[in-house]
Amino acid sequence: MPVVFDEANRVFKLDTPNTTYAMQVIRQGCLAHLYYGASVEDTDLGYLICHRNVSFAANPQEEFPDRTFSFETVPLEYPCFGISDYKSACLCVQMPDGTTATDVRYQGHRIYAGKPKLQGLPATYAGEEEADTLEIDLKDSVSGAVVTLIYTAFRFHDAIARSCRVQNTSQDSLYLRRVLSACVDFDHHRYDMVNLYGKWARERQVERRRLAHGKQSIESLRGASSHQHNPFVAIAGPNTDEMNGEAYGFSLVYSGNFLAEVEVGQLDTARLVMGINPTDFTWKLGPGEAFTAPEVVMVYSQEGLGGMSRTFHRLYRNNLCRGPWKHKRRPILVNNWEATYFSFNEEKLLAIAQQAAQLGVEMFVMDDGWFGKRDSDKSGLGDWFVNEQKLRGGLKSLVDKVNALGMKFGIWFEPEMISEDSDLYRAHPDWCLHIPGRGRSLSRNQMVLDMSRQDVLDYLFQSMSAILSSANIEYVKWDMNRNLTEVSSRLLPADRQQETWHRYILGVYQLMERLLEAFPNLLLEGCAGGGGRFDPGLLYYAPQYWTSDDTDALERVKIQYGTSYVYPVSSMGAHVSVCPNEQTKRSVELQTRGYVAMAGTFGYELDLTKITQEEKEMMRRQIQQFKELHGVITYGDQYRLVDPFQDADMAAWMFVSEDKTEALVQVVQMRTDPNPPLRRIRLQGLDPSKRYREQDSGRILSGQAWMNAGINIPEMYGDGAACIFHLLALEL
Ligand code: GLA
């Protein structure tokens, strides 16, 4: 049974195929965390809790004079602030009298098949045959706050999703000062923390550090999950590598301010907490009202970081992404941004589209600059009507012409923003986030709309819908090009101002959901100055995301490698762009640019009217090749083979189809060595007993040989030289 309650021992146990998570209701109704890790059949796991007299520990009053009972040694499942657990808390409720101590105790629970939706929030989903859910109610009898912890164990994935809901059952308003989504206590601290840091054009770089006493955390206070830190952290054994060892992954399904913190305490244990960043967060909960915290997806693997990632990939592909495009090959697109920036007209766009159609490209995407008075980034945002100076025949005529070329049409929006020089700002100067009496900070010359306001959302829905229904538009790139400042909503009273950050994100989700309901076949691609909001929250609406504004293939190798710690290639927007590259001025062979873009949704972003005949032919072949290989790439399991963050010279990864009959290995030489060392790479994930033919050389070997002995990498010259190996199993 995936979820059980052992009544005699009062132990809750959740099982996935290879993992177990356990909790126990102990004395006085405290809910203690017992275990998370590899499968354990027993439920009688209460022995794991240590009782010990710890100096300077405080004992709950009911336990007095038992000095061996304290939260120094008893790990609370959902720790609260102010009642003698001095480590990071998940919950802090402020009462009408201003006090903040919070203490929740077991009230009851429910177990059922399936998975509930989270009110207004993105989350993984599962049918009754796919998952089982446990809800545990904990009550703070003094404040009247009731917390419901919600756990879903997936039957086919080693993942557990959890979130919580806080309800106010009192007659007075309560203030939630802190509501984190998850806490996991580890019985020791000999672990590494792995996280993905970055900046604009260099997102999701892998960083690994040894846990140390005190708190180590990553967070965002930018109003978006951010370029700087992804809402993901892994806790891995010191010897854990790609293939072996324990790895716990925690991924927050949320796109706003977040905190992921690991604290190593005085008794050398470690506690991880994750959720909405408590800084500048307070949520007023009126009598009877409830607040839902976003979901944390927890994955445990004994097959190293690679095993962890593959579980995230499968889960997010199947149980997070939605819509008709979820399992379909996405259209191979050409985007005009790097080709034209703001300076284009219908003629120019059609010239690119015509060339693209001849190469086999399937969709033309018109990027920034088609609306309002948008000739630079100084004006126009918010005015979502067609700029007929540029598109003289109007939008429909352009779309029809693109469709007539046999291509779909996609369009760019940046709904959350407003330019000072726009009709919208002149009409509604109070619609942006701002604080009266303070300056309105500009970033990329723009301000941020107050997405917590229903009138703003309604305006955006109407103006975007009008555009989307005016022509056959099948794709939207939803961009967001700055972070939030002066965060305040004019419609909220003083004691609700700190709700604005979260209400903003709920507004973004609401608008995306409304648009998808109105245009159910629309393919959304997320974007925030590249990958500044590449998180599971967004993937619930947009099954693909523009991974980075950096399209340099070598930079992309690292960005996509880091991104693959959590996110499947089917979600990574990746394009072949011009050479030398616009961001780095580096030159990389077209072949390599193609291979790297193929490890994503694949497309082009350059002026196709300016390419040579030779390049055209190569692109035609690339498109053909991607069509042939996309199955193993998109639906296969990814194995990371050579880590460019560790190995200065090379990066390699591979995909293996689920039935293990096909594999694709991609190798990129990051830096050339004039006297190249011999390189051989051991493959992973094949069936050892199957025989595979490497398509280029014709060599036939067992999966066992390819994995144990490896594959020789040919001598390659030039930074960014690359090769691939395509392996097909022989029919028996
Ligand atoms: C952001 C995006 C780019 C492009 C520009 C347009 O930077 O990441 O791909 O759409 O905005 O202004």
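Residues numbered from 1 in each chain as written. Predicted model: local features only at pLDDT ≥ 70, side-chain atom pairs only at ≥ 80, totals over all residues. Heavy atoms only, no water.

1. Comments concerning the overall build of the protein
Phase 1 of the analysis: Tallying secondary structure elements over the protein gives twelve helices and 38 strands in all.
Phase 2 of the analysis: For a compact globule of 732 residues, the expected C-alpha radius of gyration is about 27 Å, and the protein comes in at 27 Å, within 12% of that figure.
Phase 3 of the analysis: When each of the 732 residues of the protein is scored for burial, the buried share is 63%.
Phase 4 of the analysis: Excluding contacts between residues fewer than 6 apart, the proportion of contacts in the protein whose partners are at least 24 apart in sequence is 69%.
Phase 5 of the analysis: In the structure as shown, the protein presents an accessible area of about 26,600 Å², 47% of it carried by carbon and sulfur atoms.
Phase 6 of the analysis: Charge separation in the protein, taken as the distance between the mean sites of 76 positive and 94 negative side-chain charges, equals 2 Å. (Helix = DSSP H or I, 4+ residues; strand = E, 2+ residues; numbered from the N terminus. Rg over C-alpha atoms; globule rule 2.2 N^0.38 Å. Buried < 20%, exposed > 50% of the residue type's maximum accessible area, 1.4 Å probe, protein only. Contact = heavy atoms within 4.5 Å. Areas by Shrake-Rupley, 256 points an atom, 1.4 Å probe, with all protein chains shown as cover. Lys, Arg positive; Asp, Glu negative; His and termini not counted. Charge placed at Lys NZ, Arg CZ, Asp CG, Glu CD.)

2. Considering the sheet that holds strand β36 (residues 700-702)
Phase 1 of the analysis: Read from one edge of the open sheet, six strands run β31-β32-β33-β38-β35-β36, paired in antiparallel fashion. Only two strands of the sheet have a single neighbouring strand rather than two, namely β31 (637-642) and β36. In this sheet, adjacent strand axes meet at a mean angle of 25 degrees when their direction is disregarded.
Phase 2 of the analysis: Sheet topology places strand β35 (residues 691-694) next to strand β38 (residues 722-729); three bridges connect them, and they run antiparallel. Note on β38: the bridge partner recorded for Glu694 is Leu727.
Phase 3 of the analysis: Packed onto the sheet, helix α9 (residues 553-563) meets β31, β32 (650-656) and β33 (662-669) and runs at close to 55 degrees relative to β32.
Phase 4 of the analysis: Its contacts with the sheet put helix α11 (residues 613-635) on β31, β32, β33 and β38, and the angle it makes with β33 is roughly 100 degrees. (Pairing = 2+ DSSP bridges. Axes fitted to C-alpha atoms, helices over the stretch in contact; angles between N-to-C directions.)

3. A closer look at the nonpolar core
Phase 1 of the analysis: Ranked by internal contacts, the top residues of the largest apolar core, which has 198 residues, are Phe250, Met366, Trp370 and Ile411.
Phase 2 of the analysis: Ignoring anything within four residues of it in the chain, the contact list for Trp370 reads Phe344, Trp384, Phe385, Val386, Asn387, Leu391, Ile411, Trp412, Phe413 and Ile467.
Phase 3 of the analysis: Core analysis: the next-biggest nonpolar cluster, separate from the first, contains 23 residues, Val656, Ile681, Met716 and Ala721 among them. (Core = buried A, V, L, I, M, F, W, Y, C linked by side-chain atoms within 4.5 Å.)

4. Topic: the packing of aromatic side chains
Phase 1 of the analysis: In total, this model carries 33 aromatic pairs according to the counting rule given.
Phase 2 of the analysis: With centroids separated by 5.9 Å and ring planes inclined at 10 degrees, the aromatic side chains of Phe371 and Trp412 adopt a geometry described as stacked. Taken together, the positions of Phe371 in the loop between β21 (363-366) and α4 (394-404) and Trp412 in strand β22 (residues 408-413) put the pair 41 residues apart, joining distant regions of the chain.
Phase 3 of the analysis: The buried category is assigned to Phe371, whose relative accessible area is 0%. (Phe/Tyr/Trp six-rings, centres within 6.5 Å; stacked < 30°, edge-to-face > 60°.)

5. Examining the environment of Tyr300
Phase 1 of the analysis: Along the polypeptide, Tyr300 turns up in strand β19 (residues 290-301).
Phase 2 of the analysis: Spatially, the C-alpha atom of Tyr300 lies 7.6 Å from that of Ala38, the residues being 262 residues apart in sequence.
Phase 3 of the analysis: If we skip the residues at most four places from it in the chain, Tyr300 touches Thr19, Tyr36, Gly37, Ala38, Asp158, Glu246, Ala247 and Tyr248.

6. Looking at the domain arrangement of the protein
Phase 1 of the analysis: In terms of domains, the protein is made up of domain 1 (3-319), domain 2 (333-635) and domain 3 (641-729).
Phase 2 of the analysis: A C-alpha centroid distance of 34 Å is found between domain 1 and domain 2.
Phase 3 of the analysis: On the side of domain 2, 43 residues touch domain 1, which itself brings 49 residues to the contact.
Phase 4 of the analysis: Together domain 1 and domain 2 conceal approximately 4,000 Å² of surface at their shared face, both sides included; 53% is due to carbon and sulfur atoms.
Phase 5 of the analysis: Here domain 1 is connected to domain 2 by three salt bridges.
Phase 6 of the analysis: Taking the shortest distance from any N to any O, the salt bridge between Glu289 and Arg496 comes out at 3.9 Å. (Domains from an automatic or database assignment. Buried area = accessible area lost by both parts, 1.4 Å probe. Salt bridge = Lys/Arg side-chain N within 4 Å of Asp/Glu carboxyl O.)

7. Description of the site of the ligand
Phase 1 of the analysis: Near the ligand there are 13 residues, and of these Asp367, Asp368, Lys477, Gly530 and Asp549 occur at the shortest range.
Phase 2 of the analysis: Trp412 places a polar side-chain atom, nitrogen or oxygen, 3.0 Å from an oxygen atom of the ligand.
Phase 3 of the analysis: The contact in question runs from an oxygen atom of the ligand to an N or O atom on the side chain of Asp549, over 2.4 Å.
Phase 4 of the analysis: Among the residues forming the shell around the ligand, the class breakdown is four nonpolar, three polar and six charged. (Near = heavy atom within 4 Å. Polar contact = N/O pair within 3.5 Å; in protein donor to acceptor, adjacent residues only side chain to side chain. Nonpolar A, V, L, I, M, F, W, Y, C, P; charged D, E, K, R; others polar.)

8. Observations regarding the pattern of salt bridges
Phase 1 of the analysis: Applying the stated criterion to the full structure yields 47 salt bridges.
Phase 2 of the analysis: Ionic pairing is found between Glu346 and Lys401, a salt bridge with its closest N-O pair at 3.2 Å. You can see Glu346 sitting in helix α3 (residues 346-359) and its partner Lys401 sitting in helix α4, a full 55 residues away along the chain.
Phase 3 of the analysis: The class of Lys401 is partly exposed, set by a relative accessible area of 37%.
Phase 4 of the analysis: Its salt-bridge partner being Arg496, residue Glu499 comes within 2.8 Å of it at the nearest N-O pair. Here Glu499 and Arg496 have matching classes, each one buried.
Phase 5 of the analysis: Connected through shared salt-bridge partners, Asp85, Lys87, Asp185 and Arg271 make up one network.

9. Structural notes on the environment of Leu398
Phase 1 of the analysis: Its place among the elements puts Leu398 in helix α4.
Phase 2 of the analysis: Residue Leu398 is classed as buried on the basis of its relative accessible area of 0%.
Phase 3 of the analysis: Between the alpha carbons of Leu398 and Phe409 there is a distance of 9.1 Å; along the sequence they are eleven residues apart.
Phase 4 of the analysis: When sequence neighbours within four positions are dropped, the list of residues in contact with Leu398 reads Glu346, Leu349, Leu350, Met366, Leu391 and Phe409.

10. Some remarks on the environment of Ala58
Phase 1 of the analysis: Within the fold, Ala58 resides in the loop between β4 (31-38) and β5 (91-94).
Phase 2 of the analysis: Taking the relative accessible area as the measure of exposure, Ala58 reaches 26% and is therefore partly exposed.
Phase 3 of the analysis: Taking the C-alpha atoms as reference points, Ala58 and Thr584, 526 residues apart in sequence, are found 57 Å from one another.
Phase 4 of the analysis: Setting aside residues no more than four positions away along its own chain, Ala58 makes contact with Phe69, Ser70, Ser84 and Tyr86.

11. Thoughts on the side chain of His726
Phase 1 of the analysis: With respect to the secondary-structure elements, His726 resides in strand β38.
Phase 2 of the analysis: A polar contact is formed between the side chain of His726 and the side chain of Glu662, at a distance of 2.7 Å.
Phase 3 of the analysis: Sequence-distant contacts of His726, defined by excluding residues within four places in its chain, comprise Leu629, Glu662, Ala663, Leu664, Arg693, Glu694 and Gln695.

12. Quick look at unusual backbone geometry
Phase 1 of the analysis: Of the consecutive residues Cys579 and Pro580, the connecting peptide bond is found in the cis state with omega at -5 degrees.
Phase 2 of the analysis: Mapped onto the elements of the fold, Pro580 is located in the loop between β29 (575-577) and α10 (590-598).
Phase 3 of the analysis: The phi angle at Ser84 is positive, at roughly 85 degrees, despite the residue not being glycine.
Phase 4 of the analysis: Tracing the sequence through the fold places Ser84 in the loop between β4 and β5.
Phase 5 of the analysis: Given the relative accessible area of 12%, Ser84 is considered buried.
Phase 6 of the analysis: Backbone geometry places Ala201, a non-glycine residue, at a positive phi of 70 degrees.
Phase 7 of the analysis: Checked against the element boundaries, Ala201 lands in the loop between β11 (192-199) and β12 (202-210).
Phase 8 of the analysis: Of the residues examined, Ala201 reaches a relative accessible area of 8% and is grouped as buried.

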